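# Summary of structural features
Chain by chain, the residues run as shown.
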Amino acid sequence: MILEKIIVIVVLVALLLLFILLAFKSNFITEKLKILKLKSLLLRKKDEDARKFALKIVDKYPQNYVAHKILAQLYEKEGKLNVALDEYIRAVEINNQDYETHYKVAELLQKTEKNEDAIIMLHDLLKMKPDYLQATLLLGNILYEEERFKEAISVYITAQKYHPISYELYYDFLWHNWYIGDINVVSNDYKWNLVGTWRR
């Protein structure tokens, strides 16, 4: 009698777990199908419909990173930079390994005149991915805007080991040194050799 009750309980628990698993999988598949539909709307250039649909997705699935990122891109396209920034930040919070979105946050911070926040964001990004050239160049440009020339030069020197043949990086490095009047550095201290590497 007791054994039969135990068997019944085990079977019921197993069925409950199976039901939960199937419900989770069904929900997961539904979420993925919605993202496919959202991307389809974007491909057909139905931005307004895509924005409305993305809002529905994040309302039902607030942790959906793709929907937040697409919303950010759509808001940015519409010129709503602060709203776009909020969505990019939400996407980064969900997926911290998306370096491109980290960069977009920093870029919009600069565009919305939040340079100090952008500098912090880019420093953090370069700690995670030190060879991210575009992040280095953006950080250097923002530091230049803030007249923090020596910090910008330090950023370029650190980056050169990852990008020894980046002419853009080398140009910015020389420009900053020239701007602060360190002509010796520009003319003598650093050389650009025939294969495009930096020598000191």
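You'll find the structure just up there.
We now turn to the structure provided with this report.

About the cut-offs
Residues numbered from 1 in each chain as written. Predicted model: local features only at pLDDT ≥ 70, side-chain atom pairs only at ≥ 80, totals over all residues. Heavy atoms only, no water. Core = buried A, V, L, I, M, F, W, Y, C linked by side-chain atoms within 4.5 Å. Buried < 20%, exposed > 50% of the residue type's maximum accessible area, 1.4 Å probe, protein only. Contact = heavy atoms within 4.5 Å. Helix = DSSP H or I, 4+ residues; strand = E, 2+ residues; numbered from the N terminus. Polar contact = N/O pair within 3.5 Å; in protein donor to acceptor, adjacent residues only side chain to side chain.

## Points about the nonpolar core
Judged by nonpolar contacts, the single largest core of 45 residues is most densely connected at Leu38, Ile57, Tyr103, Val105, Leu122, Ala135 and Leu139. Not counting residues within four places of it along the chain, the set of residues in contact with Ala135 comprises Tyr103, Leu122, Leu125 and Leu126.

## What to know about the side chain of Thr101
Among the secondary structure elements, Thr101 is positioned in helix α5 (residues 99-111). What makes Thr101 buried here is its relative accessible area of 0%. Only 3.4 Å separates the side chain of Thr101 from the side chain of Lys69, close enough to count as a polar contact. Excluding residues that lie within four positions of it along the chain, Thr101 makes contacts with Tyr65, Lys69, Tyr88, Ala91 and Val92.

## Quick look at unusual backbone geometry
Negative phi characterises most residues that are not glycine, and trans characterises most peptide bonds. A positive phi is found at Glu113, a non-glycine position, where the angle reads about 60 degrees. Tracing the backbone through its elements, the reader meets Glu113 in the loop between α5 and α6 (115-128).

It is worth stressing that arrangement in space is one thing and function is another; only the former is reported here.
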